[in-house]
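Listed here are the chains, written in short residue letters.
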Amino acid sequence: CKLEIAKLQQKLKILQNQLLLGEWQLKDLKEHKYYWVKSKETKFKNHEIEKDVYLPTTSGSLIVYDHDCSAVYNSGKTTSGYYRVRPKSIAEPFLVYCDMLDGGGWTVFQRRSNGKVNFNRGWNEYKSGFGLFQGKKDEYWLGNDYLHALLSNKNNLLKIDLMDWKGVKKHAFYEDFQIKDEKDNYGVEFGTYSGDAGDALSGGANFDMQWSASHQGMSFSTPDRDNDRFLGGNCATENNCGWWFNRTRCHAANLNGHYYKEGVYQGNYDNGIIWVTWQGFWYSLKYTAMKVRPPSFIDLLGSGDG
């Protein structure tokens with residue numbers, strides 16, 4: 001009887017959170033006139049994020065083999081830190097940072113914070129992952145195989161944390177975030193956007209930009225594996241990193257780009273850490289983190305711990 005009650009309470013929580021998200025989006029649609037693209041654009045107007053940009057000390061058990069950080073959280077481990085997780089399709093557990101703020105359960109698969117890790121890597125390294133997995137500010141790419149396995153349950157919520165060199169923070173949420181497997185070149189798909197950073201993954205509000213720079217449905221490319229739609233070259237080579245590039249303009253967002261300090265930069269290519277709907281092509285951000293979790297954890301949305 002207690003087990004059935006617990007299951008019903010969990011289902012009720014999921015429905016309540018879906019209703020809450022719908023109410024936010026409906027309210028914003030009534031208050032604003034948006035430029036419509038394939039995905040609906042909404043914003044969290046009064047969203048507040050924490051002022052402290054630096055992350056607390058990592059912690060957590062290294063012998064926890066839950067599916068992802070949401071399962072770690074549900075098991076009672078609610079401290080942010082590094083944990084070992086193992087989705088069903090992965091033979092061996094792997095280490096990942098779990099952000100237990102914002103309601104808990106965020107699995108962080110990308111972080112840029114100091115430029116110490118080189119993101120100009122080949123296909124196999126992006127496939128298996130690279131970077132540092134020890135300190136609270138360490139940079140890494142978790143690995144496309146791991147990311148695909150983590151997202152196998154579908155209906156995932158992506159949260160992207162961004163910060164410029166003045167300490168200003170923005171964020172973007174995407175529902176239904178999915179990554180395909182290697183035979184489909186780890187293609188990316190995503191649904192409705194919300195947040196205050198602008199919908200860069202969809203290319204912004206300009207049709208020309210959406211055609212040449214939207215990331216919807218794009219395959220993953222690296223300098224040694226050209227899967228983009230740019231006939232004149234390899235976007236990954238120009239941008240010195242792996243990412244879901246499009247055609248002529250290559251991108252409207254690139255969080256794996258070169259780490260330029262102080263923000264504004266110049267060069268032959270706009271290859272910095274870019275979120276074009278916020279700071280444009282020629283401003284490289286100081287901090288980014290990409291994280292996923294089931295949408296049932298949408299209770300408290302803040303700047304996060306990862």
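All chains use their own residue numbering, which begins from 1 and follows the written sequence. Confidence filtering applies because this is a predicted model: local features only for residues at pLDDT of at least 70, side-chain atom pairs given and counted only at 80 or more, and all residues used for totals across whole chains, interfaces and linings. With hydrogens and water stripped out, all remaining heavy atoms of the structure feed into the side-chain values.

Per an unreviewed UniProt entry, the protein chain goes by Fibrinogen like 1B and derives from Latimeria chalumnae. If you open the UniProt record of the protein chain and go to Subcellular location (unreviewed entry), you find "Secreted". UniProt positions are given in the numbering used here, feature names are shortened, and annotations may be inferred rather than shown by experiment.

Draft legend 1. Summary view of the pattern of salt bridges. The salt bridge criterion pairs a side-chain nitrogen of Lys or Arg with a carboxyl oxygen of Asp or Glu, the two atoms within 4 Å. For the structure shown, the criterion picks out 10 salt bridges. Between Lys-180 and Glu-189 there is a salt bridge, with its nearest N and O atoms 3.5 Å apart. Here the term buried applies to any residue with accessible area under 20% of the maximum for its type, exposed to any over 50%, and partly exposed to those in between, with areas from a 1.4 Å probe on protein chains only. Given the relative accessible area of 37%, Lys-180 is considered partly exposed. We classify Glu-189 as partly exposed; its relative accessible area is 36%. The network of salt bridges with common partners includes Asp-99, Asp-102, Lys-159, Asp-161 and Lys-291.

Draft legend 2. Expanded view of the packing of aromatic side chains. Between 30 and 60 degrees the pair is tilted, below 30 it is stacked and above 60 it is edge-to-face, where a pair is any two Phe, Tyr or Trp rings, Trp via its six-membered ring, whose centres lie within 6.5 Å. Tallied over the full model, the rule gives 20 aromatic pairs. Note on Trp-123 and Tyr-186: the rings are 5.5 Å apart at their centroids and 35 degrees apart in plane angle, and the pair reads as tilted. In this pair, Trp-123 is assigned in helix H3 (residues 123-128) and Tyr-186 in the loop between strand S9 (178-179) and strand S10 (188-189), connecting sequence segments 63 residues apart. Ring geometry for Trp-141 and Phe-220: centres 5.9 Å apart, planes at 35 degrees, overall tilted. Linking Trp-141 in strand S6 (residues 140-141) with Phe-220 in the loop between helix H5 (207-213) and helix H6 (235-239), this pair joins segments that are 79 residues apart in sequence. You can call Trp-141 buried: its relative accessible area is 0%. Through a chain of ring-to-ring contacts, three or more aromatic side chains come together here, namely Phe-109, Phe-119, Trp-123, Tyr-126, Phe-130, Trp-141, Phe-177, Tyr-186, Phe-220, Trp-243 and Trp-244. Remark: a charge is flagged as sitting over a ring if the NZ atom of Lys or the CZ atom of Arg is within 6 Å of the ring centre and within 35 degrees of the ring normal. When the ring centre of Phe-119 is taken as origin, the NZ or CZ atom of Arg-112, which lies over that ring, is 3.9 Å away. A cation over a ring is seen here: Arg-249 above Phe-281, with NZ or CZ 3.7 Å from the ring centre. Only DSSP runs of H or I with at least four residues qualify as helices, and only runs of E with at least two residues qualify as strands; both kinds are numbered from the N terminus onward.

Draft legend 3. Summary view of a positive patch on the surface. By definition, no residue in a patch forms a salt bridge, and every one has over 30% relative accessible area; like charges are joined within 9 Å, nonpolar side chains (Val, Leu, Ile, Met, Phe, Trp, Tyr) within 5 Å. Note on areas: Shrake-Rupley with a 1.4 Å probe; residue coverage comes only from the protein chains shown. When charges are counted, Lys and Arg are positive and Asp and Glu negative, with His and the chain ends excluded. To locate a charge, the coordinates of NZ of Lys, CZ of Arg, CG of Asp or CD of Glu are taken. A cluster of basic side chains, namely Lys-116, Lys-136, Lys-137 and Lys-261, defines a positive patch on the protein surface. Inspection of the secondary structure puts Lys-137 in the loop between strand S5 (130-131) and S6.

Draft legend 4. Region of the structure containing the pairing of strand S7 (residues 157-163). Of all seven residues in S7, seven are buried, a share of seventy percent or more. A pair of strands is treated as paired once DSSP finds two or more bridges between them. In the sheet, S7 pairs with strand S14 (residues 287-293) via seven bridges, with the strands oriented antiparallel. Looking at S14, one finds that Asp-161 is bridged to Ala-289. Where S7 and strand S8 (residues 169-174) come together, six bridges link them in antiparallel fashion. In the sheet register, Leu-162 faces S8, and the bridge partner there is Lys-170. Linking two consecutive strands that pair antiparallel, namely S7 and S8, is a turn of five residues; a positive phi of about 90 degrees is found at Gly-167 within it.

Draft legend 5. Molecular detail of the nonpolar core. Here, nonpolar core means buried Ala, Val, Leu, Ile, Met, Phe, Trp, Tyr and Cys residues that are tied together by side-chain atoms lying within 4.5 Å of each other. Formed by 68 residues in total, the largest nonpolar core has its most connected members in Phe-109, Leu-158, Ile-160, Tyr-174, Phe-177 and Trp-275. No other element matches the five residues that strand S3 (residues 94-99) contributes to this core. Two residues qualify as a contact provided that any one of their heavy atoms is within 4.5 Å of a heavy atom in the partner residue. Phe-109 has contacts with Tyr-140, Trp-141, Leu-142, Leu-147, Leu-158, Phe-177, Met-290, Lys-291 and Val-292, leaving out every residue within four places of it along the chain.

Draft legend 6. The arrangement of empty space enclosed by the protein in detail. Cavity and pocket criteria rest on a 1 Å grid covering protein atoms alone: a 1.4 Å probe that fits but cannot get out defines a cavity, protein on both sides within 12 Å along at least 5 of 7 lines defines an open pocket, and an atom within 4 Å of a point defines a lining residue. Grid points are joined across faces, edges and corners, and a volume is the space filled by probe spheres set on the points. Evaluated as defined, the whole model comprises one cavity of 30 Å³ or more. In this structure, the largest cavity spans a volume of roughly 50 Å³. Together, Asp-68, Thr-107, Leu-150, Leu-151, Asn-156, Val-292, Arg-293 and Pro-294 line the largest cavity.

Draft legend 7. Geometry of the state of the cysteines. Here, a disulfide means two cysteine sulfur atoms that sit within 2.5 Å of each other. Considering all chains together, one arrives at two disulfides under this definition. The disulfide bridge from Cys-69 ends at Cys-98, spanning 2.0 Å between sulfur atoms. Disulfide Cys-69 to Cys-98: torsion about the S-S bond roughly -75 degrees, handedness left-handed. Taken together, the residues span a long stretch of sequence, with Cys-69 in helix H2 (residues 69-74) and Cys-98 in strand S3 at a distance of 29 residues. The same class applies to Cys-69 and to Cys-98, which are both buried. Residue Cys-235 pairs covalently with Cys-250 via a disulfide, S to S 2.1 Å.

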